[in-house]
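Structural description and commentary
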Amino acid sequence: MPFGMWRRAAHSALAHGAWSAGSAFGPAARAALGEPRVAPAMILGGARHYAKAKKTQGKRRGPVGVSAAPTNAAMKRSVDAHWQLLMDAATPTPLEPENLSEEDLESFAEKAKEYSRRTMAQHREWQRDINQKIRLKRAALAALPEGFLRDEATKEDLSLFPLKRQTPMVTPPIEGFYEEKQRRAEEAVSGASGRDGPSR
C-alpha cells in the first residue's frame, strides 16, 4: 500500500481511538507518520463528532433503484403459457458422440482439404474478375475527353440508394403481389382482419 494511503488510514484510526498506546502503531508510529500529539479529550471529541454526524443522516425508506416497469397483461399470460417451451428452446440439446473409424476420419479430412482448395480457387477467380472490371473502368474513364464529361464521370457519388429500389428476381414479378402483402400486413397490425398475422 502506498505511504499516502497508510497515512490516511492511520489518521482515521487515531481519530476514532482505534489504536492504543501499547499497540504496534503507538506514539512512535504516530511520530513516524507525522501525526501531531493529540490529547485524549480531542480524540474522544472527534469520536463524539462522528457519532453525532451519523445520527443526523437520513434513513432510507425503501429500495433504491429503478421502479418496477409496467407489465403487459397479455404478454405476461403468453410468457406464462409458453414458459416451458421457451426454456426448452434455450436449453442446448446434448449431442451423442459419434464413433468414427480411422478410415472415416481420413476420408473427412481429405474432403475438407478438397473443399478448401475449390473455395480458394473460386475466391481467386472472383478477385481476377473484379480486378479486370476495375481496369476496364479506369481505361474507359481515361478514354473520355478532358473537361466536363471526364470530371463528371470521375466524381464520387455519395448519395444513398433509393429505399424502394427493385432487386433482380429469378421469376417475372407478380402483378399486385407487393400491394396485397402490404394490405394484409396492415390489417394484421390494426386487427381489422381478425387474424393473428398475415397469411403466408
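Residues numbered from 1 in each chain as written. Predicted model: local features only at pLDDT ≥ 70, side-chain atom pairs only at ≥ 80, totals over all residues. Heavy atoms only, no water.

1. Overview of the pattern of salt bridges
Under the definition given, this model contains 10 salt bridges. A salt bridge links Glu114 to Arg118; the nearest nitrogen and oxygen atoms lie 3.1 Å apart. Here Glu114 and its partner Arg118 are both found in helix H6 (residues 102-143), four residues apart, which amounts to about one turn of the helix. Its salt-bridge partner being Glu180, residue Arg184 comes within 3.0 Å of it at the nearest N-O pair. (Salt bridge = Lys/Arg side-chain N within 4 Å of Asp/Glu carboxyl O. Helix = DSSP H or I, 4+ residues; strand = E, 2+ residues; numbered from the N terminus.)

2. Considering the confidence of the model for the protein chain
Caution is warranted with low-pLDDT regions, since their predicted coordinates should not be read in detail. A residue-level look at the protein chain finds 60% of positions with pLDDT of 70 or above and a mean pLDDT of 74. Across residues 18-25, where pLDDT falls below 50, the model places 13 contacts with residues more than four positions away in sequence or in other chains. Confidence drops under a pLDDT of 50 for residues 39-51, and excluding neighbours within four residues, the segment shows eight contacts in the predicted structure. (pLDDT = per-residue confidence, 0-100. Contact = heavy atoms within 4.5 Å.)

3. Side note on a negative patch on the surface
There is a patch of like negative charges on the surface, built from Glu102, Glu103, Asp104 and Glu106. Following the sequence through the fold, Glu103 ends up in helix H6. Residue Glu103 is classed as exposed on the basis of its relative accessible area of 56%. (Patch = residues over 30% accessible without salt bridge, like charges linked within 9 Å, V, L, I, M, F, W, Y side chains within 5 Å. Areas by Shrake-Rupley, 256 points an atom, 1.4 Å probe, with all protein chains shown as cover. Lys, Arg positive; Asp, Glu negative; His and termini not counted. Charge placed at Lys NZ, Arg CZ, Asp CG, Glu CD. Buried < 20%, exposed > 50% of the residue type's maximum accessible area, 1.4 Å probe, protein only.)

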